[in-house]
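# Analysis of the macromolecular model
One letter stands for each residue in the lines below.
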Amino acid sequence: MVRGRDANRVDDLLRHAAEVVIELALDGRILFVSDAVENMLARPASSFIGRSFLEVIVPEDREHTLSVFQKVVTTGIEPLVRFRMLRSDALRVELETSVRTFESDGNRRVVAVARDITQQAAEIAVTGQRDYYYRTLVESGTRPAAVVDSNGDILFSNRNFKSAFVRAQNLNDVYIRMPDEVRRVLENAWYESNRSESSQPGVADFSYLHDDGSISWYAASWNAFQDDDGQRRFAWVYDDITPRKRVEIALRSVAESLTVDETGSIERNIHLVAQALGFERFVVARVTPDDPGFATIFAGVEHGRSLAQERIPLYDLPDLTVSQGETCVFPSGVARLVPSVAEYLSPTYESYSGIPLRRSDGTIIGFVSGYSSSVAADADAELTRSLLTAFATQAAATAYRQHANEEIRATRDRFEVLAAQAHEILLEIDQLGTVLYASAASEAVLGYTPEDMIGKSLPTLVHPEDRKANRASQAQLFTGDDRTYIVNRILHADGHWCWLESRTSPFTASDGSPRALILSRDVTDQRHSELGRDLLYHVVQSGADLVFVCETDTRLVFANEPAMRRLSAQVPVPSDASQDQVIRPGGQ
């Protein structure tokens, strides 16, 4: 026990010491705190008496500190423990405390001596952070990395940074090679990170144009730290994401081509996909059941050059397996595992991917396949698989469409040959009667070449006296009748009228518009003969002479009206009476 002058001396020492002495009960209650606590935490010592030490420690440090305190009480160890407490102005103070137990008046107590290490801890943290960022630059491996100041000047960069960005001395030297919209986004993100010391790390993706015209894509990330002289610095690290971006661009192009039937899209996309997936040889080929073991290249690229459309043997290549409906993948060793690859293509090929092309009903119509001299990477495998599947879908649709177009062209060519040889005119008209197609016979019959006929309004060529009947026939055609028949007069190119006998059938075009096919033959001579016969009949019937027409066996075929009136007045004359029966003796 300290008494008298010694006790006063102890109190004076405790009051002026930098460390804080704390006495605690075994249950953690604070029994005594030296006055030095007021200088350290800006709180009077009396404000701590009777409280649990856990109440005055920040919540994040309570669990660990309690664990150490329990070990001190149960085992008597004398550890150093660190924890943080709040000053009255809410700033956190970090304390390093030595703890041990002692006996006083027969009671066991705990004494703790705490010293303020806040500044020391901050310096260690800054140094550790700075060392971490410089270590990151050194250990970044294949990633370009640099340290820059708040003005963007590059203070330090590793070899990969110099290789990627060559002469860059400031971030602006990198920005200037980006597209304008990307540069603005990155500059804004850098500004936000650079304007306050409490800013969050920054990230941004950008494309970079190299001197040779090639484009690379990078994902940049940066973090702020404090240098030895207290200056703010930034550690920049760049990940090369060019392969992934190429896949994304190719996938986007393929997706757009699936919704827009753009001419040439398959040729463009096959180059994009081959570049994105690293294929030296990449082909889209068609197969038919009638030609097993062979395929026809529809589109392809090999070492950057487009392949011509040609029929190729499949030998024992992996393509043969794919053409039979199986997806086939060799991540590595394809030339060693499949000798025909080395024999017929190239011994340097290392990996292979192939997907069959199918119609909507499941019928196999071809395949896409790619060979590469590199081992297939596992990174972004899902994205790669999505790209190849999407391209196979587009290729299947394009191949099927091309095959259908070829059949349509062949049918059209046969039709054109037949139409050219026919004497009848074949016309295609829309609902307004505008001629959309005319066969070659239009020139022989009407004097108009097929080119002259296309675009003409057919109703304007009809004789005025026939137009009413023609309009009725056309209206009837487009309101439900399968076909119509009409004979009318059409204006010849030289100005005279031709009689045409026409049969018309409606149909619906591929765009959904109503159309009609008209097959017309020239009946002008026949019509004139019919008119001559009608005129002769009228003259014979209206004349005064008696006219009889008989077969060689004297059977009566015809008698005109005057003859029939004369005879019927005397004797009924059967329609099949002979001349001998009609003409009686005595001149009757």
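Quantities reported herein were computed from a predicted structural model and do not represent experimental measurements.

### A word on the overall build of the protein chain
- From N to C terminus, the protein chain includes 20 helices and 24 strands.
- Counting only residues that meet the buried cut, the protein chain has 39% of its 588 residues in that class.
- Considering only residue pairs separated by 6 or more positions, the protein chain has 42% of its internal contacts joining residues 24 or more positions apart.
- By element, 51% of the accessible surface of the protein chain is carried by carbon and sulfur atoms, the whole surface being about 33,900 Å².

### Section: the environment of Asp-319
- Tracing the backbone through its elements, the reader meets Asp-319 in helix α11 (residues 318–323).
- For the pair formed by Asp-319 and Phe-294, sequence separation is 25 residues and the distance between their alpha carbons is 9.9 Å.
- The contacts of Asp-319, once residues within four sequence positions are left out, are Leu-314, Tyr-352, Phe-367, Ser-369 and Tyr-371.

### Quick look at the confidence of the model for the protein chain
- Here the protein chain averages 80 in pLDDT, and 79% of its residues register 70 or above.
- Note on residues 583–588: pLDDT under 50 across the span, and four contacts to partners over four residues away in sequence or across chains.

### Structural notes on the sheet that holds strand β6 (residues 145–149)
- The five strands lie next to each other as β7-β6-β10-β9-β8, forming an open sheet whose pairing is antiparallel. Lying at the two open borders of the sheet, with one neighbouring strand each, are β7 (154–157) and β8 (202–209). Across the sheet, the mean angle separating the axes of adjacent strands is 25° when strand polarity is ignored.
- As defined by bridge partners, β6 adjoins strand β10 (residues 232–240) across five bridges and the pair is classed as antiparallel. Within the sheet, the bridge partner assigned to Ala-146 lies in β10 and is Trp-236.

### Regarding unusual backbone geometry
- Positive phi is not limited to glycine here, since Ala-90 has a value of about 75°.
- Considering the arrangement of structural elements, one finds Ala-90 in the loop between β3 (80–86) and β4 (92–104).
- By relative accessible area, which is 55% here, Ala-90 ends up exposed.
- A positive phi angle, close to 50°, is found at Val-166, a residue other than glycine.
- With respect to the helices and strands, Val-166 occurs in the loop between α6 (159–165) and α7 (171–175).

### Notes on the sheet that holds strand β5 (residues 107–116)
- Reading across the sheet, the five strands line up as β2-β1-β5-β4-β3 and stay open at both edges, with antiparallel pairing between neighbours. In this open sheet, the two edge strands, each paired with only one partner strand, are β2 (30–33) and β3. Direction aside, the axes of adjacent strands within the sheet are offset by 30° on average.
- As paired strands, β4 and β5 are joined by ten bridges and run antiparallel to one another. Across the sheet, Glu-96 pairs through a bridge with Arg-115, a residue of β5.

### Points about the pattern of salt bridges
- A complete count under the given rule lists 20 salt bridges for this structure.
- One salt bridge connects Arg-167 with Asp-211, and the closest N-O pair in it is separated by 3.2 Å. Of the two residues, Arg-167 sits in the loop between α6 and α7 while Asp-211 sits in the loop between β8 and β9 (215–226), which places them 44 residues apart along the sequence. Assigned by exposure class, Arg-167 and Asp-211 land together as exposed.
- For Arg-521, the salt bridge is made with Glu-501, and the minimal N-O distance between the two is 2.6 Å. One end of the pair, Arg-521, is in strand β22 (residues 514–522); the other, Glu-501, is in strand β21 (residues 497–508), with 20 residues separating them in the sequence.
- Since its relative accessible area comes to 34%, Arg-521 is described here as partly exposed.
- Linked by salt bridges that have partners in common, Arg-82, Glu-96 and Arg-115 make up one network.

### Quick notes on the nonpolar core
- Judged by nonpolar contacts, the single largest core of 27 residues is most densely connected at Leu-24, Val-33 and Phe-48.
- Only β1 (20–24), β2, α2 (36–41), α3 (53–56), α4 (59–75), β3, β4 and β5 provide two or more residues apiece to this core.
- The contacts of Val-33, once residues within four sequence positions are left out, are Val-20, Val-21, Ile-22, Ala-45, Phe-48 and Ile-49.
- Membership of the second largest hydrophobic core comes to 24 residues, among which are Ala-274, Ala-299, Ile-355 and Phe-391.

### Quick look at the environment of Leu-314
- Looking at the secondary structure, you find Leu-314 in the loop between β14 (311–313) and α11.
- Taking the C-alpha atoms as reference, Leu-314 lies 9.6 Å from Tyr-344; in sequence the two are 30 residues apart.
- When neighbours within four sequence positions are excluded, Leu-314 is seen to be in contact with Gly-293, Phe-294, Ala-295, Asp-319, Leu-320, Ser-323 and Phe-367.

### Considerations on helix α17 (residues 467–477)
- Those residues of α17 that fall on the buried side of the exposure criterion are Asn-470, Ser-473, Gln-474 and Leu-477. Relative to the axis of α17, the buried residues are bounded by an arc of 95° and lie together on one face. Exposed side of α17, more than 90 degrees from the buried face: Lys-468 and Arg-471 are the residues found there.
- Those residues of α17 hidden inside the fold are in contact with β20 (484–491), β21 and β22.

Definitions and limits used
- The numbering scheme is per chain: residues are counted from 1 as the chain's sequence reads.
- It should be noted that, the model being predicted, local features are given only for residues of pLDDT at least 70 and side-chain atom pairs only at 80 or more, the latter also being counted only at that level, while totals for whole chains, interfaces and linings use all residues.
- Derived side-chain values reflect all non-hydrogen atoms in the structure, with water molecules and hydrogen atoms excluded from consideration.
- Counting from the N terminus, the helices are DSSP H or I runs at least four residues long and the strands are E runs at least two residues long.
- Under the scheme applied here, a residue whose accessible area is under 20% of the maximum for its type counts as buried, over 50% as exposed, and between as partly exposed, the area being computed with a 1.4 Å probe on protein chains only.
- Contacts are residue-level and defined by heavy atoms, with any inter-residue pair within 4.5 Å sufficient.
- Methods summary: accessible areas were calculated by the Shrake-Rupley approach with a probe of 1.4 Å, and residue burial reflects only the protein chains presented.
- Confidence of the prediction at every residue is given by pLDDT, a number between 0 and 100.
- The criterion for strand pairing is that DSSP finds at least two bridges linking the strands in question.
- Angles shown run from 0 to 180 degrees and are taken between the N-to-C directions of axes, each axis being a line fitted to C-alpha atoms and, for helices, limited to the stretch in contact.
- What makes a salt bridge here is a side-chain nitrogen of Lys or Arg within 4 Å of a carboxyl oxygen of Asp or Glu, nothing more.
- Here, the term nonpolar core denotes a set of buried Ala, Val, Leu, Ile, Met, Phe, Trp, Tyr and Cys residues that are joined through side-chain atoms within 4.5 Å.
- Each C-beta atom gives one direction from the helix axis, and the arc is the one those directions make.

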